[in-house]
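# Secondary and tertiary structure notes
Each chain, written out:
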Amino acid sequence: MVEEGYSAETASTAQEGLELIRKKQFDVVLLDVDMQGLGGINTVKKLSEDHPSMRVIIVHKYDTAVSGLEGLGCVALIKPPSFERILLYVKRALAATRD
């Protein structure tokens, strides 16, 4: 993402990611549904509660259920998404935050 002009941070666990978000503002979060700790679905729910305007892109296996995400303002990509597809969704998310 940096090569495309975006700044990016990484976290290994949901808790680590939530801590980063508490310290710094992010426009878009890209996360894996299979995150360690809290897990991707619960992380999306937490982000939706604490940061309702934040855009979330969640990546999941085709056979992984992502039910419970309706109405939480996130989009889902099936693994493994190409870099171009991720970039497209990031651009869409950023455009939506400006509307």
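Everything below is about the structure shown above.
Residues numbered from 1 in each chain as written. Predicted model: local features only at pLDDT ≥ 70, side-chain atom pairs only at ≥ 80, totals over all residues. Heavy atoms only, no water.

With that settled, the discussion passes to the overall build of the protein. Of the regular secondary structure elements, the protein holds three helices and three strands. For the protein, the proportion of its 99 residues judged to be buried stands at 32%. Summing over all exposed atoms, the protein offers an accessible surface of approximately 6,400 Å²; the carbon and sulfur share of this is 50%. (Helix = DSSP H or I, 4+ residues; strand = E, 2+ residues; numbered from the N terminus. Buried < 20%, exposed > 50% of the residue type's maximum accessible area, 1.4 Å probe, protein only. Areas by Shrake-Rupley, 256 points an atom, 1.4 Å probe, with all protein chains shown as cover.)

A word on helix α1 (residues 14–23). Among all positions in α1, only A14, G17, L18 and I21 are buried. In an axial view of α1, the angular spread of the buried residues amounts to 95°, which keeps them on one side of the axis. Of the surrounding secondary structure, the elements contacted by the buried residues of α1 are β1 (28–32) and α2 (40–50). (Arc of directions from axis to C-beta. Contact = heavy atoms within 4.5 Å.)

A few words on the pattern of salt bridges. Evaluation of the coordinates by the stated rule reveals six salt bridges. For E19, the salt bridge goes to R22, with nearest N and O atoms at 3.3 Å. One end of the pair is E19 and the other is R22, both in helix α1 and three residues apart, which spans about a single turn. Here E19 falls in the partly exposed class, since its relative accessible area comes to 34%. Residue D34 is joined to K79 by a salt bridge in which the shortest nitrogen-to-oxygen separation is 3.3 Å. Of this pair, D34 sits in the loop between β1 and α2 while K79 sits in the loop between β3 (74–78) and α3 (83–98), and the two are 45 residues apart along the sequence. (Salt bridge = Lys/Arg side-chain N within 4 Å of Asp/Glu carboxyl O.)

Attention now goes to the nonpolar core. Counting residues in hydrophobic clusters, the biggest one holds 15 residues, and the most contacted among them are V29, L31, L47 and V56. Residue contacts for L47: discarding those within four places in its chain leaves L18, I21, V29, L31, P52, M54 and V56. Counting eight residues, the second-largest nonpolar core is a separate cluster that includes L77, I86, Y89 and V90. (Core = buried A, V, L, I, M, F, W, Y, C linked by side-chain atoms within 4.5 Å.)

Applying the stated criterion across every chain yields a total of zero aromatic pairs. When the ring centre of Y89 is taken as origin, the NZ or CZ atom of R92, which lies over that ring, is 5.2 Å away. (Phe/Tyr/Trp six-rings, centres within 6.5 Å; stacked < 30°, edge-to-face > 60°. Lys NZ or Arg CZ within 6 Å of the ring centre and 35° of its normal.)

With that settled, the discussion passes to the sheet that holds strand β2 (residues 55–60). Ordered by their spatial adjacency, three strands build an open sheet running β1-β2-β3, and the pairing between neighbours is parallel. Two strands lie at the open edges of the sheet, namely β1 and β3, each paired on one side alone. Across this sheet, the average inter-strand angle for adjacent strands is 20°, counted without regard to direction. Across five bridges, the pairing between β1 and β2 is parallel. By the bridge assignment for β2, L30 is matched with I57. (Pairing = 2+ DSSP bridges. Axes fitted to C-alpha atoms, helices over the stretch in contact; angles between N-to-C directions.)

Right, let's get into the environment of G17. Within the secondary structure, G17 sits in helix α1. For the pair formed by G17 and T43, sequence separation is 26 residues and the distance between their alpha carbons is 8.9 Å.

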